[in-house]
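Listed here are the chains, written in short residue letters.
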Amino acid sequence: MKINEVPQDDVPYFSEGIKKGNYALDDQGKYVMVPSKGWDVDEFINSLAFNEYEAKVEETRKAVLEGKKSPLAYYMELRQMIPEFLGKTAGIATFRVKRHLRPEIFAKLKEPVLDSYAKALSITREELKTVPHNSQER
Amino acid sequence: MTTETLANGKPYIHRTSAHCETGVTSALFRDKGVDISEPMIFGIGSGIFFGHLPFLKWTGLPVSTFRSLPGTVFSKAAKRLGAKVFRKRFRNPQKGMDELRRVIRTGQIVAVTTNVYWLSYFPRRYRFNFSGHNLIVLYETENGFRVSDPALLEYTVDCSTHDMERARFARGPMEARGLMYYPLSVNPNPDIRKACITGMLDSCKQMLKIPIPLFGVKGMRYLTKKIIKWPDKLGYVEACRQLAHIVRFQEEMGTGGAGFRYIFAAFLQEASELFESPELNELSNEMTAIGDIWREFAVVSARIIKQRGQAEETFAKAGGLMLICAGREEQLFRNLDKVVRKFKP
């Protein structure tokens, strides 16, 4: 890759102005460090995964509002966790975490348990009890 | 380029790098007074590799890596350059944070392994649950730490205590468990020639001689076969998802594909001056060409996924490109092995 082949595509919502380092050949055929503004291919591939994640979070949020899942499920998705890792972070067994994803069981949880979840998810106990009513509030 | 003053008054110069671990290692050595470039660390630490790990899942899909195991570049480079290192994981987050504070107060910069999701200075779309990002902690600030992230930023940045603790001790696949490392003492005049020879021979061994068909050149061939079969076996949508996953590992997450081939080419170029060997320079050119094909693979893959099966680009073509890479890399490392064996340390 030569210096002028280093991608400099405009993808501000993706790279947020951050430039990544690349090694490229200069006119004398010597390797130099060239910062790159962004690359379309990179952005496209990232957007696939990112959209998949956003869609999953949104789907869970709706399920919570419909009463099919507990708010814990929403925040777990938001933090990109699965019951196993949420359980490890909060110090609660995985099978219990899975039970707590059901709204009727979540509603009966005592404060200390809610607190350990809130701490593991870096939110307050009050936040943990509800989910945002529209997808923009995050 | 930014300059910072450490706790003991020593200056620290932040330089951008192409990859986190090599950038961090190079900065740690520079801090100890041994000026060694990032590509040199990459070559000496034998960073180049390929592996497809169907049994190790990340977001539910198998991991493909284009580099050696995280952490080995630092360990190998330090060993080959004759440095004594401190490297520790912690069970207790509080102890891990206390130890970090204690060391940076003495003016020693410390590298830590972190989970990208919890680093809020990252762009939002980069923040995925991936525990393998290395950065350097410089000194304490009022409500956190000043950090130098050579692979991502052109300047140093603040990181809150909360972010740092969560990032270091995040639970998940490949957890870092608060890993922190730094060299205790460094040989001021390391035998770079000898270290390069060891590094290059080790790279050849990793790419050619591991008797498991998932690693090195064999791994590429194995993955090629899988890619070509995917559309029939998994259906088009799932096949695209898997292909996108490979490209993500290749281009985006410090596991670098083409980028790593360019770093290795830069290393071969530096080594060719060191050994005054035109052969190494030729190999560097060849590596550059291979890097270009890897990039082409990413471009073709993206096109396949975009058009969702409407003609021209096919999985067979993407697989074919990877097969070309496999063939040319095999030849390159065979030649490199022959060239290096003639050198005297």
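Quick caveat: nothing in here was measured; it's all calculated off a predicted structure.

What follows covers the overall build of chain B. Scanning chain B for helices and strands turns up 11 helices and 10 strands. Principal-axis analysis of the C-alpha atoms places the extent of chain B at approximately 60 × 50 × 35 Å. Going through the 345 residues of chain B one by one, you find that 51% of them count as buried. For chain B, the share of sequence-separated contacts (at least 6 apart) that also reach a separation of at least 24 residues comes to 70%.

Looking now at helix α3 (residues 71–78) of chain A. Along an α-helix, residues three or four positions apart point the same way, because every turn accommodates 3.6 residues. Residues and elements named next belong to chain A. Counting buried positions along α3 yields six of eight residues, so the element is predominantly enclosed. Within the sequence span of α3, burial applies to Pro71, Leu72, Ala73, Tyr74, Tyr75 and Met76. Looking at the buried side of α3, the elements it contacts are α2 (40–65), α4 (83–90), α5 (94–100), α6 (103–106), α7 (111–120) and α8 (125–129). Directly after α3, the chain includes Gln80, whose backbone phi takes a positive value near 55°.

Bringing the interface of chain A and chain B into the picture now. The interface of chain A with chain B comprises 27 residues on the first partner and 33 residues on the second. Elements supplying a minimum of two residues to the side of chain A that touches chain B: α1 (12–15), β1 (20–25), β2 (31–36), α2 and α4 of chain A.

Residues of chain A with pLDDT of at least 70 account for 97%, and the chain-wide mean is 87. Within chain A, the lowest mean pLDDT, 77, falls on α1 of chain A, and the highest, 94, falls on α5 of chain A.

In terms of domains, chain B is made up of domain 1 (2–35 + 83–186) and domain 2 (192–342). Each of domain 1 of chain B and domain 2 of chain B has a C-alpha centre, and the two are 29 Å apart.

On to the sheet that holds strand β8 (residues 144–148) of chain B, then. Residues and elements named next belong to chain B. What the six strands build is an open sheet, ordered β5-β10-β6-β7-β8-β9; its pairing is antiparallel. With partners counted over all chains shown, the strands left at the sheet margins are β5 (83–88) and β9 (157–160), one partner each. When strand polarity is set aside, the average angle formed by the axes of neighbouring strands in this sheet is 40°. The pairing of strand β6 (residues 110–115) with strand β7 (residues 131–141) spans six bridges and is antiparallel. Note on β7: the bridge partner recorded for Asn115 is Ser131. Across the sheet, helix α4 (residues 93–105) touches β6, β7 and β10 (180–186), and the angle it forms with β7 is around 55°.

All right, on to the domain arrangement of chain A then. Segmentation of chain A into domains returns domain 1 (3–38) and domain 2 (50–129). On a C-alpha basis, the centres of domain 1 of chain A and domain 2 of chain A stand 40 Å from each other.

The next point concerns the nonpolar core. If you look at the biggest cluster of nonpolar residues, it comprises 113 residues, and the most contacted ones within it are Val110, Ile136, Val137 and Leu243 of chain B. With 11 residues, helix α10 (residues 278–307) of chain B is the single largest residue contributor to this core. Residues in contact with Val110 of chain B, not counting those within four places in the same chain, are Leu100, Val103, Ile104, Ile136, Val137, Met180 and Tyr182 of chain B. Counting residues in each nonpolar core, the second largest holds 19 residues, with Phe106, Tyr117, Ala118 and Leu121 of chain A among its members.

By secondary structure assignment, the location of Val41 of chain A is in helix α2. Note: C-alpha distance between Val41 of chain A and Glu111 of chain A (70 residues apart in sequence) is 47 Å. With sequence-adjacent residues up to four places away left out, Val41 of chain A is seen in contact with Glu251, Ala298, Val299 and Ala302 of chain B.

So, how was this worked out
Residues numbered from 1 in each chain as written. Chains lettered and ligands numbered in written order. Predicted model: local features only at pLDDT ≥ 70, side-chain atom pairs only at ≥ 80, totals over all residues. Helix = DSSP H or I, 4+ residues; strand = E, 2+ residues; numbered from the N terminus. Buried ≥ 20, exposed ≤ 12 C-beta atoms within 10 Å, placed from the backbone. Contact = placed C-beta atoms within 7 Å. pLDDT = per-residue confidence, 0-100. Domains from an automatic or database assignment. Pairing = 2+ DSSP bridges. Axes fitted to C-alpha atoms, helices over the stretch in contact; angles between N-to-C directions. Core = buried A, V, L, I, M, F, W, Y, C linked by C-beta atoms within 7 Å.

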